[in-house]
Structures are given as structure tokens and as C-alpha cells.
Amino acid sequence: METNRVVEACKELNDQSSRSHAVFELKVAVREGGSATTRVGRFLLVDLAGSESVRLTGASGLRAKEGGKINTSLLTLSRVIKQLGEGQRSGGEAFVNFRDSKLTRLLQPTLGGSARLAMVCC
């Protein structure tokens, strides 16, 4: 996993700044007794890249484009979380657009549905 991580110094930020999100998934399958039924659980650890400001980072060209994609995925994730919360408040099934980002599409089974979710922000 670490080999796929892109790290590059920006003019104004940490020289080990991560240029991407990282997702670690652990799947656990349990078969009870002689039953043919298998229950499967997913545990996701997600490390989100920080939002990027071209003004603060001094990034240009490809690095500025990467920063834009990071910002887009973070914005889409915040929209999805907001839409999920609004659906619960209204008591109905509201449309939630998971399609606008690879990150939200990957997290869709965890964010929507009957999953338990704990979020820790630092």
C-alpha cells in the first residue's frame, strides 16, 4: 500500500505531505456452526488528504490539478454526509449522490445502509 502513496514537497508545506487519500479495508467473514450462511463485515480506516489551497501551497501545474481533485472529493464527501443527515431528519429516503467522487463511491456501502459508522476527525 505504501508503494502507491505519492509524497511530494510543496513550496510552502511539509515535505512529506500526502498527495492522496488512503483506505485500508479489513473484511471479516463468519460462518456459524453447520449453517451455510456466512456473515461478512467490513472495517474501513480512511486517511483523508487535507484540503489544498494553491495560494498557500504554491503548487502549480500537475500539483495544482491534484489539489483540485483532493478538494473535489472532500467537498463531495461533505455533501454526501449532509444529504444522509437531512434524510434522517426528514424521516424519509432522500436521494444521496455518491457518484461524484471515487471516494464516496468506495465508501457508499459503509455510509449508506445499515452500517455502524464512527468518525474521528483530527
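Residues numbered from 1 in each chain as written. Predicted model: local features only at pLDDT ≥ 70, side-chain atom pairs only at ≥ 80, totals over all residues. Heavy atoms only, no water.

(A) A look at the pattern of salt bridges. As enumerated under the stated definition, the model contains three salt bridges in all. As a salt-bridge pair, R39 and E32 come within 3.3 Å of each other at their nearest N and O atoms. A salt bridge links K82 to E86, with the shortest nitrogen-to-oxygen separation between them at 3.6 Å. Note that K82 and E86 are positioned in helix α2 (residues 62-90) at a spacing of four residues, about one turn of the helix. (Salt bridge = Lys/Arg side-chain N within 4 Å of Asp/Glu carboxyl O. Helix = DSSP H or I, 4+ residues; strand = E, 2+ residues; numbered from the N terminus.)

(B) Examining the pairing of strand β2 (residues 38-47) more closely. Here ten bridges tie strand β1 (residues 22-31) to β2, and the two strands are oriented antiparallel to one another. The partner of L26 across the bridge, within β2, is F43. Counted between consecutive antiparallel strands, the loop separating β1 from β2 contains six residues, among which G33 sits at a positive phi close to 50°. (Pairing = 2+ DSSP bridges.)

(C) Examining the nonpolar core more closely. Of all hydrophobic cores here, the largest spans eight residues; its members are L44, L77, V80, V96, F98, L103, L107 and L111. Contributing elements (two or more residues each) for this core: α2 and α3 (102-111). Considering every element that reaches this core, the biggest residue donor is α3, with three residues. (Core = buried A, V, L, I, M, F, W, Y, C linked by side-chain atoms within 4.5 Å. Buried < 20%, exposed > 50% of the residue type's maximum accessible area, 1.4 Å probe, protein only.)

(D) Spotlight on a nonpolar patch on the surface. On the surface, a nonpolar cluster with roughly 520 Å² of combined accessible area is contributed by F24, L26, V28, V30, F43 and L45. For the nonpolar patch, the elements supplying multiple residues, two or more each, are β1 and β2. Per-element accounting of the nonpolar patch gives the leading share, four residues, to β1. Within the fold, V30 resides in strand β1. (Patch = residues over 30% accessible without salt bridge, like charges linked within 9 Å, V, L, I, M, F, W, Y side chains within 5 Å. Areas by Shrake-Rupley, 256 points an atom, 1.4 Å probe, with all protein chains shown as cover.)

(E) Region of the structure containing the environment of R42. Along the chain, the position of R42 falls in strand β2. When its relative accessible area of 34% is taken as the criterion, R42 is described as partly exposed. Along the primary structure R42 and E25 are separated by 17 residues, whereas in three dimensions their C-alpha atoms are 6.8 Å apart. Apart from the residues within four sequence positions on either side, R42 is in contact with E25, L26, K27, L106, P109 and T110. (Contact = heavy atoms within 4.5 Å.)

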